[in-house]
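# Survey of secondary and tertiary structure
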Amino acid sequence: GKGVICECHALGVGWGFGPHASAVAEGAFEREKLHPLKSGIDLLLAIGVALSVWAWRTTVAADMDMARARFDRHTDAVVAAIGARMIGYQQTMRGGAALFAANPSLSRSDWAAFVAALDLPNAFPGMRSMGVSLRVTPAERTAHVRRMRAEGFTDYDITPPGDRPVYQPLVF
C-alpha cells in the first residue's frame, strides 16, 4: 500500500502513516546522517568566509588610515602655505609703517611709488591694494574734510555718514 512520510532532518523527527511508515522513516534518517567529509567541507567553508570577512575589514581599515594620513598631510601643507603668505602680508604692511616712521611727511605720490614697487599683483596675488588711513576724532572731522578737499578731492567726505567715537578714513 501507499503511505505518507514527513521528515524534518534539522530537528531529527519524522512521522508517517500507512504500511511500513515507521520503517521507511527510520531508513530515511539513516541515509541522511552526515558523512565526516561533508562536515569538514562545511568547516573549511566557514573558515574561508571568516578569513574573507577579516581580510575585507582589514583592507577597508588600512584604506581609511591611508586616506586620513593623506588628508592630514594635505591640510598641513595648506595651513603652512597660508601661514607663509600671511607672514608676507604682515611684512609688507610693516614695511609701509616703517616708511611712515622714517618720513612722517610722506606724500601721496611717495606712497604710490612705494606700493607700485611692491608689485602686489605678482608678489601677493591676494592683496589687491594697500592704503593709509588716519585716525580722526569727531573734533577733527571738519578740519580733516576741509584739508582733503583743499588737496583736490572736492567731493571728499567720510563715509558712511553718521556720528562715531572715532573715524578711520582712507587718505592714500
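Residues numbered from 1 in each chain as written. Predicted model: local features only at pLDDT ≥ 70, side-chain atom pairs only at ≥ 80, totals over all residues. Heavy atoms only, no water.

### Considering the pattern of salt bridges
The final tally for this structure, using the stated rule, is 3 salt bridges. Residue R108 is joined to E151 by a salt bridge in which the shortest nitrogen-to-oxygen separation is 3.0 Å. Here R108 is found in helix α3 (residues 108-118), whereas its partner E151 is found in the segment after α5 (141-150), with 43 residues between them in sequence. Residue R108 is classed as partly exposed on the basis of its relative accessible area, which comes to 26%. Here D157 and R141 are joined by a salt bridge, their closest N and O atoms 3.3 Å apart. Of this pair, D157 sits in the segment after α5 while R141 sits in helix α5, and the two are 16 residues apart along the sequence. D157 sits in the partly exposed class, given a relative accessible area of 37%. (Salt bridge = Lys/Arg side-chain N within 4 Å of Asp/Glu carboxyl O. Helix = DSSP H or I, 4+ residues; strand = E, 2+ residues; numbered from the N terminus. Buried < 20%, exposed > 50% of the residue type's maximum accessible area, 1.4 Å probe, protein only.)

### With respect to unusual backbone geometry
Excluding glycine, a negative phi dihedral is what most residues carry, and trans is how most peptide bonds are arranged. Cis geometry marks the peptide bond from T159 to P160; its omega dihedral reads -5°. A positive phi angle, close to 55°, is found at D119, a residue other than glycine. When you line up the elements, D119 lands in the loop between α3 and α4 (120-123).

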